[in-house]
Amino acid sequence: QVQLVESGGGLVQAGGSLRLSCAASGSISSINAMGWYRQAPGKQRDLVASITSGGSTNYVDSVKGRFTISRDNAKNTVYLQMNSLKPEDTAVYYCNAGITTKEHYTIPYWGKGTLVTVSS
C-alpha cells in the first residue's frame, strides 16, 4: 500500500553533481526517519546518509562535506545532493523510510534503487 520511488540517477563525470529524489506515496499516516543507502558490486549495502523527522542529519565519513540530505515533508520526499562525485561513489542507491500506514502498520520500506555511475 506504500511505495518509494527513486529518481535522478545516471552517468556523470568525476567531479560532477547529481541530485537524487525519493517520493513516498500510498496510505501514509506518518514518516519517521529517512535515509539513503548504496551497494556496489561485491560489497554490502551501507548507509550513506540519514535524516530524522526533526531534521537531524548523519553521514558516513567518506561523503561528509560532499553530500547533503534533506526532506520536504509536504511532498513526502527526501533528497540527496551529491557534489564532487568520485568513481568510488558508483553504486545502486536505495531510499529507506520508516512509515506508519493508515492501517496502523509501522515497518521500514525500501525503494527499488537508482543507479549512479561516475566515470573517471
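Look a little higher up for the structure.
Residues numbered from 1 in each chain as written. Predicted model: local features only at pLDDT ≥ 70, side-chain atom pairs only at ≥ 80, totals over all residues. Heavy atoms only, no water.

(A) Region of the structure containing the nonpolar core. Ranked by internal contacts, the top residues of the largest apolar core, which has 30 residues, are Trp36, Leu80, Met82, Tyr93 and Ile99. For this core, the elements supplying multiple residues, two or more each, are strand E1 (2-7), strand E3 (18-26), strand E4 (28-39), strand E5 (46-51), strand E7 (67-72), strand E8 (77-82), strand E9 (91-101) and strand E11 (114-119). Per-element accounting of this core gives the leading share, 5 residues, to E9. In this structure Met82 touches Gly16, Ser17, Leu18, Leu20, Arg66, Phe67, Tyr93 and Val116, once residues within four positions along its chain are discounted. (Core = buried A, V, L, I, M, F, W, Y, C linked by side-chain atoms within 4.5 Å. Buried < 20%, exposed > 50% of the residue type's maximum accessible area, 1.4 Å probe, protein only. Helix = DSSP H or I, 4+ residues; strand = E, 2+ residues; numbered from the N terminus. Contact = heavy atoms within 4.5 Å.)

(B) Spotlight on the sheet that holds E7. In spatial order, the strands read E1-E3-E8-E7; together these 4 strands make up an open sheet with antiparallel pairing. What marks the edges here is a single partner per strand, and that holds for E1 and E7. When strand polarity is set aside, the average angle formed by the axes of neighbouring strands in this sheet is 15°. When E1 meets E3, the two strands line up antiparallel, connected through 6 bridges. Across the sheet, residue Leu4 finds its bridge partner in E3, namely Ala24. (Pairing = 2+ DSSP bridges. Axes fitted to C-alpha atoms, helices over the stretch in contact; angles between N-to-C directions.)

(C) How the structure looks around the side chain of Thr101. Note on placement: Thr101 falls in strand E9. Since its relative accessible area comes to 2%, Thr101 is described here as buried. Ignoring anything within four residues of it in the chain, the contact list for Thr101 reads Val2, Ser27, Ile28, Ser29 and Tyr109.

(D) The layout of surface pockets, seen in detail. In this model, the largest pocket occupies a volume close to 200 Å³. For the largest pocket, the lining is made up of 13 residues, of which Arg38, Ala40, Lys43, Asp46 and Glu88 are closest to its centre. Take the lining of the largest pocket: its biggest share by element is 3 residues, from E5. A breakdown of the residues in the lining of the largest pocket according to their chemical character gives 6 nonpolar, 3 polar and 4 charged. (1 Å grid on protein atoms, 1.4 Å probe; cavity = no way out; pocket = protein on both sides within 12 Å on 5 of 7 lines; lining within 4 Å. Points joined across faces, edges and corners; volume = space filled by probe spheres on them. Nonpolar A, V, L, I, M, F, W, Y, C, P; charged D, E, K, R; others polar.)

(E) Representation of unusual backbone geometry. Backbone geometry at Ser84 places phi at a positive 50°, although glycine is not the residue there. Within the secondary structure layout, Ser84 lies in the loop between E8 and E9. Residue class for Ser84 comes out partly exposed when judged on its relative accessible area of 42%.

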